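Chain by chain, the residues:
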Protein chains: 2
Amino acid sequence: MKTTSIAEETFRAINAHVNKSCAVFNEDELALFNSLLEVRKVKKKTFLLQQGEICDFEAYISKGCVRSYFINENGSEVILQFGIEDWWVSDIASFHEQQPSNQFIETLEDCELLVLTVSSKEELLRQIPKFERFFRLMVQRNLTSLQHRLMNTISLTAEEKYLDFSKRYPAIAQRVPQLQIASYLGMSAEFLSKVRTRLSKKTL
Amino acid sequence: MKTTSIAEETFRAINAHVNKSCAVFNEDELALFNSLLEVRKVKKKTFLLQQGEICDFEAYISKGCVRSYFINENGSEVILQFGIEDWWVSDIASFHEQQPSNQFIETLEDCELLVLTVSSKEELLRQIPKFERFFRLMVQRNLTSLQHRLMNTISLTAEEKYLDFSKRYPAIAQRVPQLQIASYLGMSAEFLSKVRTRLSKKTL
């Protein structure tokens, strides 16, 4: 009985998550879904993916925080995305086209992940085609937030970028080191520090 | 009989397009799909969407060329995307969340579009759930190209941006005015002209 309740606990958040965003799945469907997920516990500062590797996972974060980034021409890290609980992390392009990734994905905290591989995802979609809709809606949300990011990167000042980030992702802004946030916003940590000082003076 | 062949001609490309990217649809399914598409012929320099409006379409471009853009803080146009034959155009965020758009979508040439509205898309997905997969794959491709664009915007030099654009989208590079390409790449037309001169000298 203990095992059952641990399993229930592990899968409760992801089951609420899929039912929230989509058509309601019944118990049998959720049981099949859960049986295809692999639970992975990963220590802080572990690479889930490195540049040049083919991404073999789409992972739901049930606990912890990750970042994806690439190395630009100057050899600097540029953060593409953070992920915390109730988000998915993957390099979708690499995962679906089975091409080498140009990204790194690294845990920033100890994490618990529920992982779909290419073959388990295909099996899920074959057995429960309704999940196509769930993944379509998920990718649409990703696309919307990436578009928002692109527009901000091109058009906002440093202060505006920081304010928008803090407003959109308050949980991440509080949890992730300033150096990482600076990298996400495309500025140095020193410059972000000046921006924050200016902003705090404005709100005094 | 004439009507039939015109209709066949109109829908041939989009039917090949959906069957190429996804599970094969049978004739009845394609007939239903086609019946839900609205054919719109639109003159050059027409707004399909303006900032503040809710985007009511996902449009397959069967003929012509469009651009989507937004106005940045300095009042300048920033091009997000071009679209030509066999591409889809929409503001997905606005379309799916039925929220006002922050984009403009404008035809650059006379266009023929095959349009799905919110309700016709829902009807299609209700009657042929297989189309969920088609749209998921389409959004994934969009996401991949937007991610590529974001990485380039952040990390490449002006010359590299122009070379990458010309290599990825040769048909667009030849067809769209230099001023529009400069806006897409985030530089002035004068600067793009200098970049092209430098590149042509290098290849002499």
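Look above for the structure.
Everything in this summary refers to the structure shown in the same document. All values derive from a computational prediction rather than experimental measurement. (Residues numbered from 1 in each chain as written. Chains lettered and ligands numbered in written order. Predicted model: local features only at pLDDT ≥ 70, side-chain atom pairs only at ≥ 80, totals over all residues. Heavy atoms only, no water.)

## A look at the interface of chain B and chain A
Here is the rule: Contacts: residue pairs with any heavy atoms within 4.5 Å of one another. Buried area counts how much accessible surface, traced with a 1.4 Å probe, disappears from two parts once they are put together, with both parts' losses summed. Salt bridge criterion: a side-chain nitrogen from Lys or Arg within 4 Å of a carboxyl oxygen from Asp or Glu. Side-chain atoms alone can form a polar contact between residues adjacent in sequence; in general such a contact is a pair of N or O atoms within 3.5 Å, and within protein one must be able to donate a hydrogen while the other accepts it.
Contacts between the two partners involve 34 residues from chain B, matched on the other side by 34 residues from chain A. With both chains or domains summed, chain B and chain A bury close to 3,400 Å², and 68% of this area falls on carbon and sulfur atoms. The interface formed by chain B and chain A holds 6 salt bridges in total. In this structure, the salt-bridge partner of Glu132 of chain A is Arg133 of chain B, at a minimum N-O distance of 2.7 Å. Across the chain B-chain A interface, the total number found is 10 residue pairs in polar contact (both at pLDDT 80 or more).

## Structural notes on the relation of the copies chain B and chain A
Using the following cut-off: Least-squares superposition of the copies uses the C-alpha atoms of those residues scoring a pLDDT of at least 70 in each of them.
Relative to chain A, chain B is turned by 180° and slid 0.0 Å along the rotation axis, the superposed coordinates differing by an RMSD of 0.0 Å. The symmetry that links the two subunits is that of a two-fold axis. Within chain B, the C-alpha atom positioned nearest to the axis of rotation is that of Arg136 of chain B, 2.2 Å from it. A shared interface surface links the copies, since 100% of the contact residues of chain B are contact residues in chain A too.

## Points about helix 6 (residues 158-168) of chain B
Residue and element names in this part refer to chain B. We apply this condition: Type-normalised accessible area, obtained with a 1.4 Å probe on protein chains alone, sets the label of each residue: buried when under 20%, exposed when over 50%, and partly exposed for intermediate values. A helix here means a DSSP run of H or I that spans at least four residues, while a strand means a run of E at least two residues long, and both kinds are numbered starting from the N terminus. Summarising the geometry, the arc corresponds to the directions from the helix axis toward the C-beta atoms.
Every buried residue of helix 6 is listed here: Ala158, Glu159, Lys161, Tyr162 and Phe165. Within helix 6, the buried residues cover an arc of 165° as seen down the axis, which keeps them to one side. At its buried positions, helix 6 is contacted by strand 5 (77-83), helix 5 (131-155), helix 7 (170-175), helix 8 (178-185) and helix 9 (189-202).

## What about the sheet that holds strand 4 (residues 66-71) of chain A?
Residues and elements named next belong to chain A. How we decide: Strands are labelled as partners when DSSP assigns at least two bridges between them. For helices, the fitted axis covers only the stretch in contact; all axes are lines through C-alpha atoms, and the angles between them, taken along N-to-C directions, range from 0 to 180 degrees.
Within the open sheet, the 4 strands sit side by side as 2-7-4-5. Their pairing is antiparallel. One side of each edge strand has no neighbouring strand; the edge strands of this open sheet are strand 2 (47-49) and strand 5 (77-83). Neighbouring strand axes in the sheet, compared pairwise and without regard to direction, differ in orientation by 30° on average. Packed onto the sheet, helix 8 (residues 178-185) meets strand 4 and strand 5 and runs at close to 105° relative to strand 5.

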